[in-house]
Amino acid sequence: MNNFSLENLHQFNSDQSIGIYSVCSANGFVLKAAMRQAMEDETNLLVESTSNQVNQMGGYIGMTPSQFVDYVHEIARTVSFPLNRLILGGDHLGPNPWQNENANSAMEKSKHMIRDYVQAGYQKIHLDASMKCNDDNGPLHEPLDCHIIAERAADLCEVAEQTYQNMPPGSLQPLYVIGTDVPIPGGAVEEQDIEITNTVDIKNTIEITKKAFLTRGLDSAWKRVIAVVVQPGVEFGDEIVLNYSHDQAKELSLFIENYSNLVYEAHSTDYQLKSALRQMVKDHFAILKVGPWLTFAFREAVFALAEIEEELSFSRKGIVLSHIRETLDQLMCENPTYWNNHYKGDHKTRSFSRKYSYSDRSRYYWNLPHIRESLSILIHNLNHHEIPATLLSQYLPMQYQSIREGRIQNSPEEIIQDKIRDTIVIYSYACGYC
């Protein structure tokens, strides 16, 4: 087993170019696939939820932090993944879900959320108070003053530390991540929106936050700040991927060597080239966040299986089709909340984006009852009518090879997970596991 943890990640990254990838998804197929990959690699697995996704009010997946922990633990038990190798992280923990409220109200709710995350057993805590609240001065599109960000992050850290002090002996100490990506959570769609983090800005973030911590007597907590979030020049939109450039990020990469206890955390690394992700880890972007690429792979597998289902329906009577693609699009049109402000263009362009966009806004809909029922029908049909090898070769050639080689069974569940693992193994390689 790779003998490293988040606590000493900076040592391994400096000496051996070892990193860790963070699975940012609540999709059950994704989590199972990630756990199986981690078991094969004999590594720890980092799973994260965001402040919008999971909070004391349920978030958009309807789970509190403790409920999400129970959910992930139950999945781990179904695949026999050791719980002591599971690391849970909270992403963008701060006022983000409550930006339309005044700062005092938003921060009180943020403190409640932080408390719940720590009590639930999350170890990796991203303190992110970078977003403006309703009564903060200046236009919303302008950054919040860095001193205010640091003060609020320190306030949140103080709550996390107090919560930890009241937890049972042997509880894991919180490890902190500071800073935020540019643009704010949600991603960018235009190349001109992306700027690599300036080293002056990142130095200010580190030093001003450190001062805010030490002023509150959080010396011990500061020693457990393991990473700072930056923008290394990677992003994706509906149809574009901005590729990592070692040369363009070189100044930023070298700068973190001034801080022996820190590495960089990179968000929106989805769809990067395998070689680029490996180079990012070597360049001290040692924590690689991935989410939409994993559910994009899940969606690709499901759509391919739906094509196979339709092919089989012509030769076998009695098959009630799942109509899963049509059901998904219908649900997205009935409730456009999660994609309407992200997909641009005319009707045909938006229809295409709902299905195939890199942003994969369809990931917000897979847990709805109607789509879960359609997926159950699809899996039932393909479990009761073995998929011909020729159709697998046509629609899922990589999984066809996996089945031929005896690495997976010819079942829809195994095929979906294997398709997701095609992506996860890229991150495994990037982090130096294989």
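Residues numbered from 1 in each chain as written. Predicted model: local features only at pLDDT ≥ 70, side-chain atom pairs only at ≥ 80, totals over all residues. Heavy atoms only, no water.

Participant: Just to check I follow, could you spell out the packing of helix α15 (residues 397-404) against helix α16 (residues 412-430) for this structure?
Facilitator: If you want to describe how two helices pack, look at the angle between their axes and the distance between the axes. At their nearest, the axes of α15 and α16 sit 10 Å apart, and the two run at 115 degrees to each other. If you check the angle between α15 and α16, you find them roughly perpendicular. Seen along the crossing, α15 lies across α16 with a hand that is right-handed. On the side of α15, the interface is formed by Met398, Gln399, Ser402 and Ile403, while α16 contributes Ile415, Asp418, Lys419 and Asp422. Tallied by class, the residues present in the contact of α15 with α16 amount to three nonpolar, two polar and three charged. (Axes fitted to C-alpha atoms, helices over the stretch in contact; angles between N-to-C directions. Helix = DSSP H or I, 4+ residues; strand = E, 2+ residues; numbered from the N terminus. Parallel < 35°, antiparallel > 145°, perpendicular 65-115°, else oblique. Left-handed = near helix turned anticlockwise from the far one by under 90°. Contact = heavy atoms within 4.5 Å. Nonpolar A, V, L, I, M, F, W, Y, C, P; charged D, E, K, R; others polar.)

Participant: For this particular structure, what's the right way to read the sheet that holds strand β4 (residues 124-127)?
Facilitator: Adjacent strands of a sheet form backbone hydrogen bonds with each other and so pair up, either parallel or antiparallel. Strand order in the closed barrel formed by eight strands is β1-β2-β3-β4-β5-β6-β9-β10, with parallel pairing between adjacent strands. Within this sheet the neighbouring strands show an average axis-to-axis angle of 25 degrees, counted without direction. As judged from the three bridges shared by β4 and strand β5 (residues 175-179), these two strands associate in the parallel manner. Of the residues in β5, the one forming a bridge with Lys124 is Leu175. (Pairing = 2+ DSSP bridges.)

Participant: Mind showing me how you'd approach the confidence of the model for the protein chain here?
Facilitator: Where the model shows low pLDDT, its predicted coordinates should not be examined in detail. Across the protein chain, pLDDT averages 94, with 96% of residues at or above 70. Low confidence marks residues 183-189, where pLDDT is under 50. Its contacts with residues over four positions away, or in another chain, come to 15 contacts. (pLDDT = per-residue confidence, 0-100.)

Participant: Explanation requested: the nonpolar core in the structure shown.
Facilitator: One broad trend across soluble globular proteins is that nonpolar side chains are buried collectively. With 137 residues, the main nonpolar core has Leu45 and Ile420 as its most contacted residues. Examining the composition of this core, we find that 13 residues originate from one element, helix α10 (residues 292-313), more than from any other. Leaving out residues up to four positions away in the same chain, Leu45 has contacts with Tyr21, Val23, Ala34, Met35, Ala38, Phe81, Arg85, Leu86 and Ile87. (Core = buried A, V, L, I, M, F, W, Y, C linked by side-chain atoms within 4.5 Å. Buried < 20%, exposed > 50% of the residue type's maximum accessible area, 1.4 Å probe, protein only.)

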